[in-house]
Amino acid sequence: MPSLDVNDTTLYYEDEGAGPALLFLHGWGTSGRTWGAQLPDFTRDHRVVTVDWRGCGRSARPARGNTTGGVVSDLVALIGALRLDRPVVVGSSIGGSFATELAVRRPELTGGVVPVGAPGYWPSGETQAATQAELVAALRRDRAGTVADWVPGWYAPGTAPALIDWTIRQILDSGVYIDEHQATADRYDPRPTLPGLQVPIHYLHGELDTAIPVEVPRTCAALTPGTEVSVIAGAGHMPHQERPERFNAALRAALDRMAPAGWLNGSG
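Note that the structure is a prediction, hence the values are computed from the model and not measured. (Residues numbered from 1 in each chain as written. Predicted model: local features only at pLDDT ≥ 70, side-chain atom pairs only at ≥ 80, totals over all residues. Heavy atoms only, no water.)

Moving on, we get to the overall build of the protein chain. Counting secondary structure elements, the protein chain contains 10 helices and 8 strands. Rg of the C-alpha trace for the protein chain: 17 Å, near the compact-globule value of 18 Å for 268 residues, within the 12% margin. Oriented by its inertia axes, the alpha-carbon framework of the protein chain measures out at about 50 × 40 × 35 Å. Among the 268 residues that make up the protein chain, the fraction classed as buried is 56%. In the protein chain, the share of contacts with a sequence separation of at least 24, taken over all contacts with a separation of at least 6, comes to 78%. About 10900 Å² of surface is accessible on the protein chain, with carbon and sulfur atoms providing 51% of the total. The protein chain carries 22 positive and 29 negative side-chain charges, and their two centres are separated by 2 Å. (Helix = DSSP H or I, 4+ residues; strand = E, 2+ residues; numbered from the N terminus. Rg over C-alpha atoms; globule rule 2.2 N^0.38 Å. Buried < 20%, exposed > 50% of the residue type's maximum accessible area, 1.4 Å probe, protein only. Contact = heavy atoms within 4.5 Å. Areas by Shrake-Rupley, 256 points an atom, 1.4 Å probe, with all protein chains shown as cover. Lys, Arg positive; Asp, Glu negative; His and termini not counted. Charge placed at Lys NZ, Arg CZ, Asp CG, Glu CD.)

An α-helix turns once per 3.6 residues; consequently, residues spaced three or four apart project the same way. Residues of helix α5 (residues 143-150) that are buried include every one of Arg143, Thr146 and Val147, and no others. One side of α5 holds all its buried residues, which, seen down the axis, span an arc of 95 degrees. (Arc of directions from axis to C-beta.)

Nonpolar side chains in soluble globular proteins tend to be buried together. Core analysis: the biggest nonpolar cluster contains 50 residues, and Leu23, Leu25, Val51, Trp53 and Val151 have the highest contact counts within it. Looking at which element gives the most residues to this core, the answer is helix α2 (residues 68-82), with 6 residues. Formed by 17 residues, the second largest nonpolar core is a distinct cluster that contains Trp35, Phe42, Val48 and Leu255. (Core = buried A, V, L, I, M, F, W, Y, C linked by side-chain atoms within 4.5 Å.)

Two measures describe an aromatic ring pair: the distance that separates the ring centres and the angle between the ring planes. Using the criterion set out here, one finds 5 aromatic pairs in the structure. Look at Phe24 and Trp35: their rings are 4.8 Å apart centre to centre, the planes differ by 50 degrees, and that puts the pair in the tilted class. Here the residue Phe24 occupies a position in strand β3 (residues 21-25), and Trp35 occupies one in the loop between β3 and α1 (39-42), the gap between them amounting to 11 residues. Relative accessible area serves as the criterion here: at 0%, Phe24 is assigned to the buried category. Between the aromatic rings of Trp28 and Trp150, the centroid separation amounts to 5.5 Å while the plane-to-plane angle is 50 degrees, which identifies the pairing as tilted. Here the residue Trp28 occupies a position in the loop between β3 and α1, and Trp150 occupies one in helix α5, the gap between them amounting to 122 residues. On the accessibility criterion, Trp28 (4% relative accessible area) is buried. Residue class for Trp150 comes out partly exposed when judged on its relative accessible area of 26%. (Phe/Tyr/Trp six-rings, centres within 6.5 Å; stacked < 30°, edge-to-face > 60°.)

In structure tokens form, the structure reads like this:
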């Protein structure tokens with residue numbers, strides 16, 4: 001099993017293909033398995049790395065370091081250890097926040113960012129803080145029931161029940177310390193830093209995403225020169241799983257738009 005010891009934890013990763021590098025980051029509580037519909041397509045002409053970030057999937061579940069800064073530090077170490085040449089970082093949900101923060105903090109390591117259904121900020125402000133506090137309390141009180149009630153809302157109507165059930169199982173199989181991300185999620189807001197972002201960014205967002213409304217990436221994109229939003233028709237919060245063919249086409253188009261920025265010159 002490929003793994004890497006970084007920052008007092010162990011990360012599981014997969015590394016396949018050759019060409020310009022892509023680094024895929026999953027969302028809260030899931031794992032690199034969520035990118036299964038992308039791997040056969042993109043490994044044909046890219047070096048593709050998926051990682052289970054700390055606390056999730058097949059990685060270790062430490063009690064400490066479950067913060068945005070902690071995960072970004074892990075990603076810096078991963079990129080260095082695998083000698084990834086300025087990968088474009090594709091992140092789902094909070095994984096998109098990690099990708100954005102990596103680009104803000106270490107732009108020299110990042111060829112571009114593609115947030116997918118990502119919480120650029122929480123539009124409901126203080127209301128969201130109360131909602132997050134209630135969610136964390138519910139997870140502690142009845143984790144299985146809370147996740148089972150919550151996760152179906154991530155997906156668009158008509159999503160296969162098997163996909164929803166699989167997502168629930170992944171979350172319940174991850175560690176409990178990742179709840180710290182939920183406890184602090186309402187405080188995240190990259191908008192002040194976006195005008196100075198030094199790497200290209202392109203938002204992909206599900207048309208029917210009720211977890212993070214499409215107004216969020218559109219607001220973030222308006223703050224960042226040259227940034228665009230591509231909306232995946234018929235998809236909710238997990239468009240890479242719900243509408244993989246549409247998502248893959250949109251991601252390829254986004255990568256093509258990033259090409260003039262020079263990241264494609266690297267071999268990964």
